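Topology and contacts: notes
The chain contents come next:
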Amino acid sequence: MRTLLVALMAGALFSLPLTGTAHAAPGTSAVLTGNPLYKTGAIPRQTCEEPAFTSASHDGARLYVIEMSACLDRVWSAQVRKAGFTWTKPKVVVSHKDRVKTACGPYYPGDTFSLYCIGTGTIYLMVTDSALSNELDHPRMLESLAIGYSYHVQQLGGILSEERRAEAKMSKKQRWALSAKVSLQNLCLTGAFLGSVWDSLSHTKAYGTDLIIDWKSVEGDHKEQGKAKNRVYWEQRGFDTLRPGACNTFTAPAGRVA
């Protein structure tokens, strides 16, 4: 079973009948296919004032993360509670070291990305010196932070725990397929958040969604994260609909979650 989930930042669905039961096959339980998060409706449009990222400094990055974490807390706490789950804030740790010690073990970041440790509910936002120097021209910090929050939301909704339970009964190929569905759902939830605050942004919005969503089309395909075209599809879907219910990758056509 996996003990951590890594979100790397290099950051129309047909409704199918629910099939989850207490004795459902692995990966098709109601926790995954019929989660209450899907019934919470669209995330209301939000005003989220993005701090001006005027200098590529670590202090500037930390200030940015503090401000945007408060926005993410506000947006997702309302949605999670609407689903009937208890909201708890994730702990967010910002690091710029070449080797980062986390609750999931050491990690060697290569670019701006986030890592979410399930056991402690901690998001590690890792920003290398080279990535920080490019942040003014290629702002991805908000998406990376939002990806970490989306994993936290999935954990609060029981999705990550159910994934780990189901994986214990699966072949390697089945585990890859389930992991891809979880990762693609994560991007969709990330897109839903971004879409809800996009009109109020300054720094990130100025560069357009091509640097946040469309660029994934050149990342290549990954068995545990889905094909590049599907990663673009799901994040854009969340961005356009604002609805967690549009992010039910567990009942999506197979071609959309490969």
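Right above here is the structure, for reference.
Here we summarise the structure given alongside this text. A quick note: this is a predicted structure, and the numbers were derived from the prediction, not measured. (Residues numbered from 1 in each chain as written. Predicted model: local features only at pLDDT ≥ 70, side-chain atom pairs only at ≥ 80, totals over all residues. Heavy atoms only, no water.)

Notes on the pattern of salt bridges
With the rule as written, the count across this model stands at four salt bridges. Measuring nitrogen to oxygen at the nearest pair gives 2.5 Å for the salt bridge that ties R165 to E162. Of the two residues, R165 and E162 both sit in helix α5 (residues 159–167), three residues apart, roughly one turn of that helix. Classification of R165 by relative accessible area gives partly exposed; the value is 36%. When the shortest N-O distance is used, the salt bridge between E235 and K216 registers 2.8 Å. Placement of E235 in helix α7 (residues 228–241) and of K216 in the loop between α6 (172–197) and α7 is noted, with a sequence separation of 19 residues between them. Note on K216: relative accessible area 2%, which makes it buried. (Salt bridge = Lys/Arg side-chain N within 4 Å of Asp/Glu carboxyl O. Helix = DSSP H or I, 4+ residues; strand = E, 2+ residues; numbered from the N terminus. Buried < 20%, exposed > 50% of the residue type's maximum accessible area, 1.4 Å probe, protein only.)

Description of helix α4 (residues 141–156)
For α4, with 16 residues, the first-to-last C-alpha span of 23 Å sits near the 22 Å given by 1.5 Å per residue. Here α4 lies mainly inside the structure; 16 of its 16 residues are buried. In the segment just after α4, G158 is the residue with positive phi, at about 85 degrees. (Expected span 1.5 Å × (residues − 1).)

As for the side chain of Q155
Among the structural elements, Q155 can be located in helix α4. Given the relative accessible area of 18%, Q155 is considered buried. Once residues lying within four places of it in the same chain are set aside, the contact partners of Q155 are Y116, I118, L160, S161 and R164. (Contact = heavy atoms within 4.5 Å.)

Examining the packing of α4 against α6
At their nearest, the axes of α4 and α6 sit 8 Å apart, and the two run at 120 degrees to each other. Classed by the angle they form, the pair α4 and α6 counts as oblique. α4 and α6 meet at a crossing whose hand is right-handed. Note on element contacts: α6 touches α4 through V182, S183, Q185, N186, L187, L189, T190, F193 and L194, opposite L142, E143, A146, I147, S150, Y151 and Q154. When grouped by side-chain class, the residues that make up the contact of α4 with α6 number nine nonpolar, six polar and one charged. (Axes fitted to C-alpha atoms, helices over the stretch in contact; angles between N-to-C directions. Parallel < 35°, antiparallel > 145°, perpendicular 65-115°, else oblique. Left-handed = near helix turned anticlockwise from the far one by under 90°. Nonpolar A, V, L, I, M, F, W, Y, C, P; charged D, E, K, R; others polar.)

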